[in-house]
Amino acid sequence: MGTTQHHNLKIERYNGNLTLVSDIAQLIERNYSELFHSVIVHGSVATNEVIAYSDFDGLLIVKDRFVASKKLERFKIESMKLILKFDPLQHHGWFQIKESQLLDYPEYYLPTTILENSKALFPISKDIELKIEIKQKPDYKIGLNNMVNQLENKIATKWRPKSIFELKSLLSQIMLVPCLYYSAKNNEGIFKRESFDAVKGVFTPDEWMVMETASQIRNDWNPHFNSFQRKLLELPNRLIRKVVLKFMPINIPKKHLELVNDNFYNSLLLLLKKIKTDI
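As the structure is a computational prediction, the values presented were derived from the model and not from experiment.

Each value, and the rule that gives it
Residues numbered from 1 in each chain as written. Predicted model: local features only at pLDDT ≥ 70, side-chain atom pairs only at ≥ 80, totals over all residues. Heavy atoms only, no water. Helix = DSSP H or I, 4+ residues; strand = E, 2+ residues; numbered from the N terminus. Rg over C-alpha atoms; globule rule 2.2 N^0.38 Å. Buried < 20%, exposed > 50% of the residue type's maximum accessible area, 1.4 Å probe, protein only. Areas by Shrake-Rupley, 256 points an atom, 1.4 Å probe, with all protein chains shown as cover. Lys, Arg positive; Asp, Glu negative; His and termini not counted. Charge placed at Lys NZ, Arg CZ, Asp CG, Glu CD. Core = buried A, V, L, I, M, F, W, Y, C linked by side-chain atoms within 4.5 Å. Contact = heavy atoms within 4.5 Å. Salt bridge = Lys/Arg side-chain N within 4 Å of Asp/Glu carboxyl O. Expected span 1.5 Å × (residues − 1). Pairing = 2+ DSSP bridges. Axes fitted to C-alpha atoms, helices over the stretch in contact; angles between N-to-C directions. Parallel < 35°, antiparallel > 145°, perpendicular 65-115°, else oblique. Left-handed = near helix turned anticlockwise from the far one by under 90°. Nonpolar A, V, L, I, M, F, W, Y, C, P; charged D, E, K, R; others polar. Patch = residues over 30% accessible without salt bridge, like charges linked within 9 Å, V, L, I, M, F, W, Y side chains within 5 Å. Bend = angle between axes of the 7 residues up to and from the residue.

> Please explain the overall build of the protein as it appears in this structure.
A tally of helices and strands in the protein yields 11 helices and six strands. Taken over the C-alpha trace, the protein has a radius of gyration of 19 Å; the compact-globule value for 279 residues is 19 Å, and the two agree within 12%. Each principal axis of the C-alpha distribution contributes one length, and for the protein these read about 50 × 50 × 30 Å. Put simply, the protein has 279 residues, and 47% of those count as buried. Carbon and sulfur atoms form 49% of the exposed surface of the protein, whose accessible area is close to 14600 Å². The positive charge centre, built from 39 side chains, and the negative charge centre, built from 32, are 6 Å apart in the protein.

> So what exactly am I meant to see when it comes to the nonpolar core here?
Nonpolar side chains tend to gather and get buried jointly when the protein is soluble and globular. Leu-171, Ile-174 and Leu-271 are the most contacted members of the largest nonpolar core, which has 44 residues in total. Once residues within four sequence positions are removed from consideration, Leu-171 is found in contact with Tyr-53, Ala-214, Ile-217, Trp-221 and Phe-264. Judged by nonpolar contacts, the second largest core, of 27 residues, contains Tyr-32, Val-41, Leu-60 and Leu-84.

> I would appreciate a short explanation of the environment of Leu-272 in the present structure.
Along the chain, Leu-272 falls in helix H11 (residues 262-278). Residues Leu-272 and Ile-190, spaced 82 residues apart in sequence, show a C-alpha to C-alpha distance of 19 Å. Every residue in contact with Leu-272, bar those within four places of it in the chain, is listed here: Val-148, Leu-151, Glu-152 and Ile-155.

> Even after reading the chapter, I still don't get the pattern of salt bridges, so can you show me in this structure?
Pairing between side chains of opposite charge can happen when their charged atoms approach one another. Evaluation of the coordinates by the stated rule reveals 11 salt bridges. Note that Asp-127 is salt-bridged to Lys-10, the shortest N-O span being 3.9 Å. Of this pair, Asp-127 sits in the loop between strand S5 (119-122) and strand S6 (128-134) while Lys-10 sits in strand S1 (residues 5-11), placing them 117 residues apart in sequence. Taking the relative accessible area as the measure of exposure, Asp-127 reaches 34% and is therefore partly exposed.

> When you look at helix H2 (residues 70-86) in this model, what are you seeing that I'm missing?
Along an α-helix, residues three or four positions apart point the same way, because every turn accommodates 3.6 residues. Spanning 17 residues, H2 covers 25 Å between terminal C-alpha atoms, matching the ideal 24 Å at 1.5 Å per step. The set of residues buried in H2 consists of Leu-72, Phe-75, Ser-79, Met-80, Ile-83 and Leu-84. On its buried face, H2 sits against helix H1 (19-32), strand S2 (36-42), strand S3 (57-62), strand S4 (95-98), helix H8 (227-233) and helix H9 (238-247).

> Help me out: how do you make sense of the pairing of S6 in this one?
Sheet faces and side chains relate simply in a regular strand, where the side chains alternate between the two faces. Of the two faces of S6, only the one carrying Ile-128, Leu-130, Ile-132 and Ile-134 is buried; Glu-129, Lys-131 and Glu-133 on the other face are not. As paired elements, S1 and S6 share seven bridges and run antiparallel to each other. Paired with His-6 across the two strands is Glu-133, which belongs to S6.

> What is the right way to read the packing of helix H5 (residues 164-186) against H11 from this model?
Geometry of a packed helix pair, given as the angle between the helix axes and the separation of the axes. Contact pair H5 / H11: the axes reach a minimum separation of 11 Å and the direction vectors enclose 20 degrees. The angle between H5 and H11 falls in the class roughly parallel. When you trace H5 past H11, the crossing you get is left-handed. On H11, the residues touching Leu-170, Leu-171, Ile-174, Val-177, Tyr-181 and Lys-185 of H5 are Phe-264, Tyr-265, Leu-268, Leu-271, Ile-275 and Asp-278. The class makeup of the residues in the contact of H5 with H11 is 10 nonpolar, no polar and two charged.

> Whenever I open this one, unusual backbone geometry confuses me. Can you help?
With glycine set apart, most residues show a phi of negative sign, and most peptide bonds adopt trans. Here the amide bond leading from Phe-122 into Pro-123 is cis, since omega sits at 0 degrees, within 30 degrees of zero. When you line up the elements, Pro-123 lands in the loop between S5 and S6. Although it is not a glycine, Asn-48 sits at a positive phi angle of roughly 60 degrees. Mapped onto the secondary structure, Asn-48 falls in the loop between S2 and S3. Its relative accessible area of 47% is what places Asn-48 among the partly exposed residues. For Asn-187, which is not glycine, the phi dihedral falls at a positive 55 degrees.

> Got a minute to help me understand the environment of Gln-216 in this structure?
Here Gln-216 lies in helix H7 (residues 205-219). Sequence-wise, Gln-216 and Leu-259 are 43 residues apart; in three dimensions their C-alpha atoms are separated by 9.2 Å.

> Before we go on, may I ask you to explain a nonpolar patch on the surface in this structure?
A cluster of nonpolar side chains, contributed by Leu-239, Val-243 and Phe-247, occupies part of the molecular surface with about 330 Å² of accessible area. As for its position among the elements, Leu-239 is in helix H9.

> Explain H5 to me, please; I cannot follow it from the model alone.
For H5, which comprises 23 residues, the first-to-last C-alpha distance of 34 Å matches the rise-based estimate of 33 Å (1.5 Å per residue) to within 8%. Its maximal kink placed at Val-177, H5 deviates by approximately 30 degrees, while the proline Pro-178 follows within four residues. In terms of residue burial, H5 counts as a mostly covered element, since 18 of its 23 residues are buried. Of the residues flanking the end of H5, it is Asn-187, one or two places downstream, whose phi is positive at about 55 degrees.

Structure, rendered in structure tokens:
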């Protein structure tokens, strides 16, 4: 075990105009304020860079005594109703830690670099200060190796996305690779937005082409739901969402299918091979 790292992070209050954030903050203030030390938004929502592709990234810092509570589960259900209206294709829930984990912070789970670019959702209209202690040196290679294995398995089995939900999940995995690769190679976290420029020069154009294509699709994202599909996907019920996504899938636009071709997967394979030789 190495020397404990101490961080005092000032998280400024959220000052954007996204209705979702204010709705969640008001939900907490009305019914759930006792549960949380604080609640933080990160990613594009925090930096006011929301586009059509954006999902919602939020961290719950839960008071220890409420971690296994039914009230916390009710909050997650109610808040997911709001989140799924913002992005019916949301493929993950809240990030969560216990308040006591601030004194033994899981750096591998959500690097402090990400928190430095985050905003405070709760308490409302208040900057917060997080006093964090990192006692265990994080092994950044674990997350990278897991992601590489998942993507290699998709290539080996010739898996292909059959719906816009599956495409978004795949692209999100791929676009997380530069961040994971940087962290594994440099033994420190990095904000995802900055990771592309930080590692691009390591790769050849053929290896990096998959990232360029994924970014192109991200910037041209405009899924088309019918009203019935959207209504069902906004329900925070895993079974209903699973049934809808399997039996009423939202089709992938032709312009995206044409880009996610054999060259795309060949480039991804080259990228993964390069990473495995480096790490």
